[in-house]
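# Structural overview for review
Each chain, written out:
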Amino acid sequence: NDASVTITGTNGVDALSGTALANDTISGGDGVDTIFYTGGRDTLTGGAGNDVFNIDARQDSVTDGQSNWATITDFTAGDVLDFQLATYGLDIADSPLGAAISLDSGATFANYLDNAASSAAGGTGADATLVKWFQHGGNTFLVVDSHSSTTAFTNTADLLVKFTGELDLSKSTVASEVLTFVAA
């Protein structure tokens, strides 16, 4: 289903969730909000306050022409991505993500995805769970690689989150399946 749904929170503390069957536009408003991504092509805006973006689903597919993933428009220092309900089994210590993936100028979006989800990007084996990030086309992308493929991004198994604009996630940390945005 390709329906579009708009959900707007209050200036208080909100918990907002769309549906996996629609392309949701969710705006939290002021206050500390929790916004749940349940699938589809969702646009999520936390607003003022340190917001939690709870990634409860993997995207259906990722291609150059169609953006079936969560897009977070205002990810700022203190905001968090929570992957706990998507059960990725992240066992990464509380440490910075490090530098973005950088490829040559002719690299496509698919090249970046495959690199982020491959052992060449720093994995330790076919079952490694990796969190990598890159910038492409003026935006920032985070990949959680949880599939056994060591050479390619795998739809419905790996996860992609898009952030509007070029963010520096290098000092952001992942612990207990929660990524906290720390400004560089």
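Above this note sits the structure.
Residues numbered from 1 in each chain as written. Predicted model: local features only at pLDDT ≥ 70, side-chain atom pairs only at ≥ 80, totals over all residues. Heavy atoms only, no water.

Among the secondary structure elements, aspartate 42 is positioned in the loop between strand S4 (34-37) and strand S5 (43-45). One buried charged residue, aspartate 42, forms no salt bridge at all, with the nearest opposite charge on arginine 41 at 8.0 Å. Excluding its chain neighbours within four sequence positions, the residues that come into contact with aspartate 42 are Ala22, Asn23, Asp24, Tyr37, Trp69, Ala70 and Thr71. (Helix = DSSP H or I, 4+ residues; strand = E, 2+ residues; numbered from the N terminus. Buried < 20%, exposed > 50% of the residue type's maximum accessible area, 1.4 Å probe, protein only. Lys, Arg positive; Asp, Glu negative; His and termini not counted. Salt bridge = Lys/Arg side-chain N within 4 Å of Asp/Glu carboxyl O. Contact = heavy atoms within 4.5 Å.)

Tracing the backbone through its elements, the reader meets aspartate 74 in the loop between strand S7 (70-72) and strand S8 (80-82). Of the side chains with opposite charge, lysine 162 lies nearest to the buried aspartate 74, which makes no salt bridge, at 13 Å. Those residues in contact with aspartate 74, other than ones at most four positions away along the chain, are Leu44, Thr45, Gly46, Gly47, Phe53 and Asp79.

Right, let's talk about the environment of threonine 173 for a bit. Tracing the backbone shows threonine 173 in strand S13 (residues 173-175). Residue threonine 173 is classed as buried on the basis of its relative accessible area of 18%. Between the C-alpha atom of threonine 173 and that of proline 96, which follows or precedes it by 77 residues, the distance is 4.5 Å.

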